[in-house]
Structures are given as C-alpha cells and as structure tokens.
Amino acid sequence: PLIFILTGIPGLPTSSYWIALPLCCLYLLMLLGNCTLLWMIKTDHSLHTPMYYFLSMLAVADLGLSLSTLPTMLAIFWFESTSLPFEACIVQMYFIHCFSAIESGVLVAMAFDRFVAICYPLRYTSVLTSSLIMKVAGVIFMRGICVVVPVAVLIKKMPFCQSRVLSHSFCLHQDMLRLVCGDVKVNSLYGLTAVILTKGLDSLTILLSYTMILRTILSIVSQETQAKALSTCISHLCAVLIFYIPLIGLSIIHRFGKHLPLLTHTLLADAYLLVPPVLNPLVYSWKTKQIRRRILVLFCRK
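Please read all numbers here as calculations on a predicted model, not as lab measurements.

> What am I meant to see in the packing of helix α3 (residues 86-119) against helix α7 (residues 185-218) here?
Helix-helix packing: each pair is described by the crossing angle between the helix axes and the interaxial distance. In the contact formed by α3 and α7, the axes pass within 9 Å of each other and the chain directions differ by 15 degrees. Here α3 is positioned roughly parallel relative to α7, judged by the angle of their axes. Crossing angle aside, the handedness with which α3 passes α7 is left-handed. Each of Ser100, Ala101, Ser104, Gly105, Leu107, Val108, Ala111, Arg114, Phe115, Ile118 and Cys119 in α3 lies in contact with α7, whose residues at this interface are Thr198, Lys199, Asp202, Thr205, Ile206, Ser209, Tyr210, Met212, Ile213, Thr216 and Ile217. Taken together, the residues of the contact of α3 with α7 sort by class into 12 nonpolar, 7 polar and 3 charged.

> In this structure, what is going on with the confidence of the model for the protein? I would like to understand it.
Regions with low pLDDT carry predicted coordinates that are not meant to be interpreted in detail. Here the protein shows a mean pLDDT of 85. Residues at 70 or above account for 92%. Taking the mean pLDDT of every element in the protein, the minimum, 67, falls on helix α11 (residues 289-301) and the maximum, 93, on α3.

> So what exactly am I meant to see when it comes to the state of the cysteines here?
Any covalent bond linking the sulfur atoms of two cysteines counts as a disulfide. Here the structure, examined in full by the defined rule, presents 1 disulfide. In this model, Cys89 is linked to Cys171 through a disulfide, with the two sulfur atoms separated by 1.9 Å. Judged by the torsion about the S-S bond (-115 degrees), the Cys89/Cys171 disulfide is left-handed. Within this pair, whereas Cys89 is found in helix α3, its partner Cys171 is found in the loop between α5 (130-156) and α6 (173-177), the two being separated by 82 residues in sequence. A relative accessible area of 0% means that Cys171 is categorised as buried. In this structure Cys119 is a free cysteine whose sulfur lies 8.9 Å from that of Cys233, the closest cysteine sulfur available. Residue Cys119 is classed as buried on the basis of its relative accessible area of 17%.

> Can you walk me through the packing of aromatic side chains in this structure?
What characterises a pair of aromatic rings is the spacing of the ring centres plus the angle enclosed by the ring planes. Under the defined criterion, the tally for this structure stands at 9 aromatic pairs. Where Phe4 meets Phe160, the ring centres are 5.1 Å apart and the plane angle is 85 degrees; that geometry is what we call edge-to-face. Of this pair, Phe4 sits in strand β1 (residues 3-5) while Phe160 sits in the loop between α5 and α6, placing them 156 residues apart in sequence. When the centroid spacing of 5.3 Å and the interplanar angle of 65 degrees are considered together, the rings of Phe86 and Phe160 count as edge-to-face. Of this pair, Phe86 sits in helix α3 while Phe160 sits in the loop between α5 and α6, placing them 74 residues apart in sequence. You'll find Phe86 and Phe160 in the same group, each marked buried.

> Would you mind showing me how to read the pattern of salt bridges here?
Tallied over the entire structure, the rule returns 3 salt bridges. For the salt bridge of Arg178 with Asp175, the shortest nitrogen-to-oxygen distance reads 2.9 Å. Here Arg178 falls in the partly exposed class, since its relative accessible area comes to 48%. What makes Asp175 buried here is its relative accessible area of 0%.

> Which parts of the structure should I look at to understand the nonpolar core?
Nonpolar side chains tend toward joint burial in soluble globular proteins. Residues Leu55, Leu107 and Met176 are the most contacted members of the largest nonpolar core, which totals 87 residues. Counting only elements with at least two residues in this core, the list comes to α1 (17-43), α2 (50-79), α3, α5, α6, α7, α9 (234-256) and α10 (262-287). If you tally residues by element for this core, the top one is α3, at 20 residues. Setting aside residues up to four positions removed in sequence, Leu55 forms contacts with Leu37, Ile41, Met110, Tyr284 and Ile291.

> I'm lost on the packing of α2 against α10 in this one. Help?
Contact geometry for α2 and α10: axes closest at 9 Å, N-to-C directions at 140 degrees. Note on packing geometry: the crossing formed by α2 with α10 is left-handed. Note on element contacts: α10 touches α2 through Asp270, Leu273, Leu274, Pro276, Pro277, Asn280 and Tyr284, opposite Leu55, Leu58, Asp62, Leu65, Ser66, Thr69 and Met73. Looking at side-chain class alone, the contact of α2 with α10 contains 9 nonpolar, 3 polar and 2 charged residues.

> Got a minute to help me understand α7 in this structure?
Along an α-helix, residues three or four apart share an orientation, since each turn contains 3.6 residues. With 34 residues, α7 ought to run about 50 Å at 1.5 Å a step, and its terminal C-alpha atoms sit 47 Å apart, in line with that. Along its length, α7 reaches its greatest deviation from straightness, about 35 degrees, at Ile196. Among the residues of α7, those classed as buried are Asn187, Gly191, Ala194, Thr198, Lys199, Asp202, Ile206, Ser209, Tyr210, Ile213 and Ile217.

> What exactly am I supposed to notice about the UniProt feature "transmembrane region" (unreviewed entry) in the protein here?
What UniProt calls "transmembrane region" (unreviewed entry) maps, in this numbering, to residues 17-40, 52-79, 91-112, 132-155, 233-256 and 262-284. Secondary structure across residues 52-79 comprises 100% helix and 0% strand; the distance between its end C-alpha atoms is 39 Å. As annotated, residues 262-284 comprises 100% helix and 0% strand, and the C-alpha atoms at either end are separated by 33 Å.

Cut-offs used in this document
Residues numbered from 1 in each chain as written. Predicted model: local features only at pLDDT ≥ 70, side-chain atom pairs only at ≥ 80, totals over all residues. Heavy atoms only, no water. Axes fitted to C-alpha atoms, helices over the stretch in contact; angles between N-to-C directions. Helix = DSSP H or I, 4+ residues; strand = E, 2+ residues; numbered from the N terminus. Parallel < 35°, antiparallel > 145°, perpendicular 65-115°, else oblique. Left-handed = near helix turned anticlockwise from the far one by under 90°. Contact = heavy atoms within 4.5 Å. Nonpolar A, V, L, I, M, F, W, Y, C, P; charged D, E, K, R; others polar. pLDDT = per-residue confidence, 0-100. Disulfide = S-S within 2.5 Å. Buried < 20%, exposed > 50% of the residue type's maximum accessible area, 1.4 Å probe, protein only. Phe/Tyr/Trp six-rings, centres within 6.5 Å; stacked < 30°, edge-to-face > 60°. Salt bridge = Lys/Arg side-chain N within 4 Å of Asp/Glu carboxyl O. Core = buried A, V, L, I, M, F, W, Y, C linked by side-chain atoms within 4.5 Å. Expected span 1.5 Å × (residues − 1). Bend = angle between axes of the 7 residues up to and from the residue. UniProt positions renumbered as here; feature names shortened; annotations may be inferred.

Written out as structure tokens, the structure reads:
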C-alpha cells in the first residue's frame, strides 16, 4: 500500500515532548475558545443577531480546520508515528482545504455584515434576515465542500515517485503534488483556479467592502461616531489579517521559495492552520463588549 511519511519540525527529534506539550495546550485553548463562543451564542438570546451567527460559523470552520490536523500532529510528536496511508492523507488534505475555503467564505459574509451595518444601518434588519443568513451559510459550506472534490479526485489518480516524504505534519495539496511522477499540469491548473475562485475572489470582495465602509466612515462629520463605527470592524479586520497573511505567505513560498530552508515552510504551514483558530476567539472576546460581559458574568458566578 502507498504510505506517506510526515515530517515534524526539521532539525528536531520526532519525539519532542517540549514541542508536543505546547501543541496540546494550543489545541485545548482552541477547543475551549471556540466551543465557549458557540455555547454563549446558543444560550444567550441577546447574541442572536446576524453578526454573532456569522461568528458561530467562523468558530465551526476554525474547529474543523484544527481538528483536521490534530490526529497526525499529535501522533508525530507524542508517539513518533510518521507514516500515513495514501487514502487517509487524501481525506485529511480534503478536509483541511475544505474548511479553509469555508473560513474564507465566512470572512466575506462577516465583511458584508459590517458593510450593511455601517453603510445602510436603517436597512440592516430588513436586509440580513434569518432566511438570508441560512442561504448564505448553505452557499458557503457547499462551495467549500464542492470546490475541493476535484482536487482530491485528480490527485488520487496520480502515480507517485519513490520519495514519499512530505514537508509537513499533515497533508497539503501542494506538498503531495511535489511527489507526483507524471504530468501535473491539470492538477496545478485546477488547484490555482480553485484558490483564485475562493480565497482570491474572497480577498478582493473583502477589500471592496472595506473600501466602501471607509468611504462611508470618512463622510461622517462627528469624529466620535467615526471612531465608534470603525471600532465595530476591528475584530473582523484582525480575523482577516490573521487568516490571510499566513495563507499568502505559504502560497508564495510553495511556488517561489523552494530555495528557502524547510523550516520556513513548516513554520508558515503550522501558523496558517493553528494560529487563526486559537486567536479568533481571543480577539472577539477582547473586542466585543457583549461576549466580554458574558464571560465576566460566568467567571463571577464561579
């Protein structure tokens, strides 16, 4: 059977408990933060608004993204298990790219939410109805699910070389494609098209939304109102930067940075998959008054 060999952190022994322990802490923090957000949004009726519905979708995407990498990363650093069957690798690759596309789509929906709230505040409740939110959520999840299927189908038919050592602790499409012995033009072309139609188009949509938001804010006479309107976007802007900066860096390195040390590839891939799910709940808990107040109430009761 075709077996891939996963890589830990280059230059360090596979069994590194001083790395495994912080990784476990990060995963626990991710689970605690995102599950707490979901629980608060579900139980607190004051949070049943479009912004928090989109935030709950972001938490689901973050949970899926992190849990996709959890089994192999902990297996490497805790149990020195670096081998992974081909089918399992494809399944992991599918879910990683699927939840990544879903998270990108959710960030677009949240940008639209901020656009309507600031540019058309009187029409906010009439535009962002429950039925529209459900349809948007369905489109986002179906797009993420469907766009990655051809990637998995195409790479499953490819022949692989003798070297089956991957560069990361999990399976990524670009990394698997590097080991193919054969013509990968179709795979590369579809992979690039999928990235452009999801994350590329999403990033442009977010940029356009914030261009219009900024123009509306600058047209407001009162500086206090300007600051208040801008403060409602800070959490979302942080989430966008946390997600897209490692993603863009990883894409550039995979295509143009082959001469860079392997450690650079590994650290950027880990940051892309681990940092957003950990930081997003912290950012929204810190910058959102309702969530911060709810957390303080919970701690005071305890």
